[in-house]
Amino acid sequence: MKPLAIALKDIQRAFQSPLGLLNLFVLPLAITGIIYLAFGGSDIGSDIAATDVIIVNQDQAQYGFSAGDLLTEILSSEGLSSYLAIREQIDPASARQGVDDQEAGVALLIPADLSLAMTTPGVESQIVVYSDPTLTLAPGMVRDIVAGVVDGMTGSSILSEMVTSELEARGEPITEERIREIVTQYTERITPAEGAESGQTALVSIEAPPTKADATRGTHLVIASVMAGIMVYYAFLTAGNTAETILREEKELTLQRLFSTPTSPATVYLGKLLYITVMVAGQGIVLHLASSLLFGIRRPALGWSALLLSSLTIAAAGFALFWMSLAKTRQQAGGIIGAVFTAAGMLGGCFTVGVPNYPEALDTAALMLPHGWAMRAWKAMLQAQSTGAILFPIGVLLAMGLIYFGIGTLRFHKRFA
Amino acid sequence: MTTAIAIRTLHKDFGDIQAVQGVNIAIQAGEVYSLLGPNGAGKTTTISILCGLLQPTDGDIVVNGESVVRKPQAVKAMIGLVPQQIAIYPNMSARENLRFWGRMYGLNGKLLHSRVDEVLDLVGLADRAKGATKKFSGGMQRRLNIAIALLHHPQIVIMDEPTVGIDPQSRRAILDGIKALNREGMTVLYTTHYMEEAQELSHRIGIMDHGKLIAEGSHDELVKIVGEYDRIDLALNTAADAVCEAWRDIPDVHQLTAEEDRVELLVEDSNEALPLLFETATAHGSRITSVAIQEPNLEAVFLHLTGRALRD
């Protein structure tokens, strides 16, 4: 019962400290909330307001093919209708004025010689994307689509040049009908699927998301991973702050008094471990529930979550006891918590979980720390990987925690023996 | 009488520093024993070993037949330590503190509840039991510090300078409390560098200096070491030789030591001797420029034994 009494006393003291409660629950929840809002909050996955786009298509068809019509068709496709509201005008100056007056976000000016340039070697043309400088998404989308289509159509120009040369070499006649046939076949290949009637699969296919849930799944996964990173980081930080009570009690002289009572050092350490465990696990559960209930973040199965949270708690407690055993004063402990625990969180991948193309070397380096294994286990659970892929990092995490705990306890025991 | 605490050839080294050097003390059950000595004499180190907080370099302490080296937990259960510094949880109330420390001494349930109430009454904190102790005065915190050590009704209470830095009223209350505990049969080991506290409380006193026990006995026994004479230290405005010869002829003067213009005398009664000393000095053309009178007490004993004042 003595370990329980020690743990309860420490918990009582922790809950009497407003700053402690701030660090324990408020800050992690606040950070999660900020990230949640940064990802769009409750509107995750909802439609973005469509940007008005004016198209001035002056292109003249060549051999029955119009590159301007093709561009207009792609931009007007149903898949983009959520993001781009297309309307056509005749006068380029009016279109530019429309953007200047903020009646539209983008004006796409297609020149008369675009198709000629696409089908005739040596002829150059220029498409103008005139856009509101305050906008990024819609102009970027239009530019990317135009660039993609133009790249494809440039291929038709090269192809027609090659075919012409080949026919000339064979001595076969080069008719307008033949060139039209080649260009038509080529452009049908790059036309969006919904416009294709040849039965062939189009190179470009723009489709609307089938359901909102499917669209938001990826975003939810990212937020859940970020939340896991915060939880792992704060588990270790909280363990550090709670383990620091050993040094606090040493300074307050109550630790020495504890050792003067018929209470063995092992009992005292067990009480401290129990305290750290309760605080870290309590924080984890609160963050777990809050992330689900407040922010709607999906969580892995309860059993897996409980297993990982238990292992994480033990690992964090061991890690914290080890580092606190190296500190001789509370000031040193503060420095260790501030520097080492933050650096370990960063190196362990707690803050970089959502970073795309994260260097593999750093991802591997993270495995030197229990943080890295905790993150690996979380990711495996969130991505519903195999049982082995989840259990292995949990096992390593637990082993690392026990080793840290053993060394830390021995150091404290030697110090106060 | 049985021996409650037997300190046997105790040594404790901290690197090159010999904090305790071969101390032997036997404290009888029901006795108040004071360890007197200046700061750094080795008192707290000796007590820390007794409480199992430090391992001795050599020697042992046996408490009611149990060795602190071999069975520290058994010894700890028999003693209550009042540490020199206040060791309580400041953001917890007095009652919460006592309940926690009671559990550490193995108390539970109704016994714990009743003992908490009893010690709160004993130290006069019953009406302040619910307030956070960080708002207590220094004296109240000292009293709570003592109350914690009494929770499990120990056979032996060890008090390490419990009156340092508190007001006279609180000091008086603590000293009276110790006497009351002793009347109930509790053995008390008390360390202090206040000789008047040691004199008032103790059946026996051990004087420590530089890690050694340099004298031990009751107050009267210790005072006899320096004799039953008053000591007078004088300074003259001239060389003392001629005056000293005349002073030696005064019947009250038992012993005289002179060095240049300073003279140390042991006299039967300083009140009777002083007028004669002044008169003789004037007659020999000398003038006394300073006088210090030391009646026989523990301070004098310490000075006699070490050549230094107790508070040096």
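Cut-offs applied
- Residues numbered from 1 in each chain as written.
- Chains lettered and ligands numbered in written order.
- Predicted model: local features only at pLDDT ≥ 70, side-chain atom pairs only at ≥ 80, totals over all residues.
- Axes fitted to C-alpha atoms, helices over the stretch in contact; angles between N-to-C directions.
- Helix = DSSP H or I, 4+ residues; strand = E, 2+ residues; numbered from the N terminus.
- Parallel < 35°, antiparallel > 145°, perpendicular 65-115°, else oblique.
- Left-handed = near helix turned anticlockwise from the far one by under 90°.
- Contact = placed C-beta atoms within 7 Å.
- Nonpolar A, V, L, I, M, F, W, Y, C, P; charged D, E, K, R; others polar.
- Pairing = 2+ DSSP bridges.
- Core = buried A, V, L, I, M, F, W, Y, C linked by C-beta atoms within 7 Å.
- Buried ≥ 20, exposed ≤ 12 C-beta atoms within 10 Å, placed from the backbone.

## Focus on the packing of helix 14 (residues 370–382) of chain A against helix 15 (residues 387–416) of chain A
Two measures define how a pair of helices packs: the angle their axes make with one another and the distance between the axes. Residue and element names in this part refer to chain A. Interhelical geometry of helix 14 versus helix 15 gives an angle of 155° and a closest axis separation of 8 Å. Between helix 14 and helix 15, the angle is such that the two are roughly antiparallel. The handedness of the crossing between helix 14 and helix 15 comes out as left-handed. Counting all contacts with helix 14, which are made through Pro370, Trp373, Ala374, Arg376, Ala377, Ala380 and Met381, the residues of helix 15 involved are Ala389, Ile390, Pro393, Ile394, Val396, Leu397, Met400 and Gly401. Class assignment for the residues of the contact of helix 14 with helix 15 results in 13 nonpolar, 1 polar and 1 charged.

## A short note on unusual backbone geometry
The residue Gln102(A) is not glycine, and still its phi comes out positive at about 60°. Along the chain, Gln102(A) turns up in the loop between helix 4 (92–100) and strand 3 (106–110). One non-glycine residue, Glu161(B), lies in the positive phi region at around 45°.

## Focus on the interface of chain A and chain B
Each side of the interface is counted separately: chain A has 19 residues, and chain B has 19 residues. Counting residues per element, the ones that place at least two in the side of chain A that touches chain B are helix 1 (2–15) and helix 9 (254–260) of chain A. It is helix 9 of chain A that contributes the most residues to the side of chain A that touches chain B, 6 residues altogether. Of the residues belonging to the side of chain A that touches chain B, the class tally is 7 nonpolar, 7 polar and 5 charged.

## Structural notes on the sheet that holds strand 14 (residues 288–294) of chain B
Residue and element names in this part refer to chain B. Spatially, the 4 strands line up as an open sheet ordered 12-13-11-14, and their pairing is antiparallel. The sheet is open, and its two edges are formed by strand 12 (253–259) and strand 14, each paired on a single side. Neighbour-to-neighbour, the strand axes of this sheet turn through a mean angle of 15°, independent of strand direction. Packing against the sheet, helix 10 (residues 270–283) makes contact with strand 11 (230–236), strand 12, strand 13 (262–267) and strand 14, and its axis sits at approximately 20° to strand 11.

## Examining the nonpolar core
Ranked by size, the top nonpolar core spans 146 residues in total, and within it Phe236(A), Ala320(A) and Ile158(B) carry the most contacts. The element that contributes the greatest number of residues to this core is helix 8 (residues 212–252) of chain A, accounting for 17 residues. Here Phe236(A) is in contact with Ala316(A), Phe319(A), Ala320(A), Phe341(A), Ala344(A), Gly345(A) and His371(A), once residues within four sequence places are set aside. Core analysis: the second largest hydrophobic core is formed by 28 residues, Val53(A), Leu114(A), Met118(A) and Val142(A) among them.

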